Amino acid sequence: MQLRTRALETILLEKGYIEPAAIDLLIETYEKKIGPRNGAQVVAKAWVDPKFRQWLFADGTAAVESLGFSGRSANHLVALENTPSVHNMVVCTLCSCYPWAVLGLPPLWYKSAPYRSRTVADPRGVLADFGVELPKDMEIRVWDSTAELRYLVVPMRPAGTEGWSEDNLADLVTRDSMIGTGLAKSPKDLK
Amino acid sequence: MIDQAAARRATQEVPSIPRDADGPVFREPWEAQAFAMTLALHERGVFTWSEWAAALATEIKRAQAAGDPDTGETYYSHWLNALERLVADKGVTTSETLHRYRDAWDHACDRTPHGKPIELRPEDFG
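Residues numbered from 1 in each chain as written. Chains lettered and ligands numbered in written order. Predicted model: local features only at pLDDT ≥ 70, side-chain atom pairs only at ≥ 80, totals over all residues. Heavy atoms only, no water.

1. Notes on the overall build of chain B
Helix and strand counts for chain B come out as five helices and two strands. In chain B, the succession of helices and strands from N to C terminus is α-β-β-α-α-α-α. Out of the 126 residues in chain B, the part that is buried amounts to 47%. Considering only contacts within chain B whose residues lie at least 6 apart along the sequence, 56% involve residues at least 24 apart. Taken as a whole, chain B presents about 6200 Å² of accessible surface, with 49% of it coming from carbon and sulfur. (Helix = DSSP H or I, 4+ residues; strand = E, 2+ residues; numbered from the N terminus. Buried < 20%, exposed > 50% of the residue type's maximum accessible area, 1.4 Å probe, protein only. Contact = heavy atoms within 4.5 Å. Areas by Shrake-Rupley, 256 points an atom, 1.4 Å probe, with all protein chains shown as cover.)

Dropping the structure here:
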């Protein structure tokens, strides 16, 4: 079905019947349905609950399932830990494998060939396009997801959020921060 | 641009679309893609909603007659069948072209080593 959808999409694009931006906008309207909120809750829990955090990095699939987010696309989920010295970024260079059970529907740019190839060749440049600048000495690891193995980036907990509830923390977790093309919002971004 | 009201209507006027109070619910990304393309084509006047609803109803009936369990899991495969049929009927493309592109994508996936982006190339249309 994926191939047939893609075939139709290619033809319609080539003939000018559809515009990527319009399709993207539509999908964005509905992507809240499966929604990145699931993933945000996973991340928020990992921030406040050290036991869950440990479990999440040891067995992402089971830990995520324990919160009731399963579905085929969450199978074989590996959580990647961002630290002060390592930033993780996920790309699927093959067929846009994406943990949509936790992250919702993938944005169109995620599936675009330029994003995929550039992230592998020049992750810092791609991050700059997203307005993210990381310290020069921070290592950037790019992870290539497959149909069998999908990744969830756990961004660093922003400063100034001590004592926050999981629900409030989840509001800081953006979809892009869980793909690694962004960071979690800071408390002042919410205002 | 896509009109939100049209999108809402789209989900109300077609038979038994999987949805909740806020709108349609998709099980996989391609379903949302097929849904979005349908709305975009309607917006461009390629077909009317009644034409679309009729095409989809025909596909669903056909599937049920063939023993489709009708659990909602196959909903979007009927949707995609209807969309392919309708764009062919409207002369946007032909079912031969659709097959050719499908095979080309299949070929592109096969020949692309893991870690490289998949792109359609002329040779995929072999």
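Now that the structure is up, let's keep going.
2. Observations regarding the packing of aromatic side chains
Residue and element names in this part refer to chain B. Tallying each qualifying case throughout the model produces nine aromatic pairs over all chains. When the centroid spacing of 6.1 Å and the interplanar angle of 50° are considered together, the rings of Y75 and W79 count as tilted. A residue pair is termed a helical-turn pair when its members lie 3 or 4 positions apart in one helix, as Y75 and W79 do in helix α4 (residues 75-89) at four residues. Each member of the pair, Y75 together with W79, is buried. With a centroid separation of 4.9 Å and 70° between ring planes, the pair formed by Y101 and F125 is classed as edge-to-face. Residue Y101 is found in helix α5 (residues 95-111), and its partner F125 is found in the segment after α5; the two are separated by 24 residues along the sequence. (Phe/Tyr/Trp six-rings, centres within 6.5 Å; stacked < 30°, edge-to-face > 60°.)

3. Looking at the packing of helix α1 (residues 2-14) of chain A against α5 of chain B
Where α1 of chain A contacts α5 of chain B, the axes come no closer than 8 Å and their chain directions differ by 115°. Compared by their axis directions, α1 of chain A and α5 of chain B come out roughly perpendicular. Once α1 of chain A is placed against α5 of chain B, the crossing between them reads as right-handed. Only T97, L98, Y101, R102, W105, D106 and C109 of chain B of α5 of chain B make contact with α1 of chain A, whose side of the interface consists of L3, R4, R6, A7, L8, T10, I11 and E14 of chain A. A per-class count over the contact of α1 of chain A with α5 of chain B returns eight nonpolar, two polar and five charged. (Axes fitted to C-alpha atoms, helices over the stretch in contact; angles between N-to-C directions. Parallel < 35°, antiparallel > 145°, perpendicular 65-115°, else oblique. Left-handed = near helix turned anticlockwise from the far one by under 90°. Nonpolar A, V, L, I, M, F, W, Y, C, P; charged D, E, K, R; others polar.)

4. Some points on the confidence of the model for chain A
Across chain A, the average pLDDT comes to 83, with 79% of residues at 70 or higher. Of all the helices and strands in chain A, helix α6 (residues 100-103) of chain A carries the lowest mean pLDDT, 64, while helix α4 (residues 50-58) of chain A carries the highest, 96. (pLDDT = per-residue confidence, 0-100.)

5. Considering helix α3 (residues 49-65) of chain B
Over its 17 residues, α3 of chain B runs 24 Å from end to end, which matches the ideal 24 Å to within 8%, given 1.5 Å per residue. Within two residues after α3 of chain B, G67 of chain B carries a phi angle of roughly 95°, on the positive side. (Expected span 1.5 Å × (residues − 1).)

6. Quick notes on the nonpolar core
Of all hydrophobic cores here, the largest spans 40 residues; its most connected members are L8 of chain A together with L41, W52, W79 and L83 of chain B. Mapped by element, the contributors of at least two residues to this core are α1 and α2 (20-31) of chain A together with α2 (29-43), α3, α4 and α5 of chain B. Take this core: its biggest share by element is nine residues, from α2 of chain B. Counting residues in each nonpolar core, the second largest holds 21 residues, with A63, V154, L169 and V173 of chain A among its members. (Core = buried A, V, L, I, M, F, W, Y, C linked by side-chain atoms within 4.5 Å.)

7. Here we look at the environment of R116 of chain A
Inspection of the secondary structure assignment puts R116 of chain A in helix α7 (residues 113-121). Taking the C-alpha atoms as reference, R116 of chain A lies 9.3 Å from D144 of chain A; in sequence the two are 28 residues apart.

8. With respect to the pairing of strand β4 (residues 150-154) of chain A
The two faces of the sheet receive side chains in turn, since in a regular strand these alternate between them. Residue and element names in this part refer to chain A. Within β4, five of the five residues are buried, which leaves the element mostly enclosed by the surrounding structure. Of the pairings in the sheet, the one linking strand β1 (residues 77-81) to β4 comprises five bridges and is parallel in character. Bridged to V78 within β4 is Y151. (Pairing = 2+ DSSP bridges.)

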